[in-house]
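Given next are the chains, with one letter for each unit.
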Amino acid sequence: MHRLRHRHARQVLPQQQPLGQDKGTGTQCVWDNSRAGSTISWGTSYTWANNSKGTDADVKSYASTVLGWHWGWKVDKAATGLPIRVGDRNKVTTRWNFSLSSGPGTLDVAYDLWLHAKNTADWQDRPTDEIMIWLNRQGGAGPLGTRYGSVSLGGAMWDVYRGDIGWNVYSFVRRANTTSATLNIDDFTQALVRRKLLSNDKYLSGIESGTEVFKGSGRLDTTSYSVDIG
């Protein structure tokens, strides 16, 4: 069983991705609280507004944790357990408990999963598919693409959206916001396989979790987060 562990801290420390900072003005801070076994704790605070180029639909940043592949680097499978073939039906259990400040602006709190057609994806290899799992959204935040349908997974109802930004983007948006989740990632990839939207021959290469901020001021505190692959 592969887990997020202290000795692999470089792969799981929170980071800020300036996805659309050229369309916004503001500041953001990200910090690491603790790492104990397979569980980490971290947080971020932010203030973002649109500049002359930006709109309310533009994500300004995605402060997140990372396990496995990510833009700019390749991670050794022996250290992370990734990539894994979708059709091999590996159980990927993730637990996430967090809190949001009051009136946090426009944002989502979500997983971001990256998939490739091969199990040797390096930093320059563009993904074929991206899957987002939205646990919480505030201020009218909405996913990319159009609504495809709905599905019941992990004891909750999710609306499924489908979009394309040069690769396929699928978003599972939880109908009722939550700040605590225990999920099996395999449930979500197989939901797409059953609908013939995803191939069993694809490889899950990277798992992220964090908050996409569109605008506003607030704070996300992750009290505990873990991913177990086994």
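See the structure printed just above.
Residues numbered from 1 in each chain as written. Predicted model: local features only at pLDDT ≥ 70, side-chain atom pairs only at ≥ 80, totals over all residues. Heavy atoms only, no water.

### Thoughts on helix H3 (residues 185-194)
In an α-helix, one turn spans 3.6 residues, which is why side chains three or four residues apart end up on the same side. Spelled out, the test is: Burial classes: relative accessible area under 20% of the type maximum marks a residue as buried, over 50% as exposed, and values in between as partly exposed (1.4 Å probe, protein chains only). Numbering of helices and strands runs from the N terminus, with a helix taken as a DSSP run of H or I at least four residues long and a strand as a DSSP run of E at least two residues long.
Of all the 10 residues making up H3, eight are buried; the element is thus mostly covered by neighbouring parts of the structure. Of the residues making up H3, those classed as buried are Ile185, Asp186, Phe188, Thr189, Gln190, Ala191, Leu192 and Val193. Just downstream of H3 lies Lys196, where phi reads positive at about 60 degrees.

### What to know about unusual backbone geometry
A negative phi angle characterises most non-glycine residues, just as the trans form characterises most peptide bonds. The step from Leu82 to Pro83 runs through a cis peptide bond, and the omega angle for that step is 10 degrees. Although it is not a glycine, Arg89 adopts a positive phi angle of roughly 60 degrees. Tracing the sequence through the fold places Arg89 in the loop between strand S6 (84-85) and strand S7 (92-100). Residue Arg89 is classed as partly exposed on the basis of its relative accessible area of 47%. One non-glycine residue, Lys196, lies in positive phi territory at about 60 degrees. With respect to the element layout, Lys196 can be found in the loop between H3 and strand S14 (203-229). Taking relative accessible area as the criterion, Lys196 reaches 76% and is therefore assigned exposed.

So, to be careful, I would describe these as geometric facts and stop short of saying anything about function.
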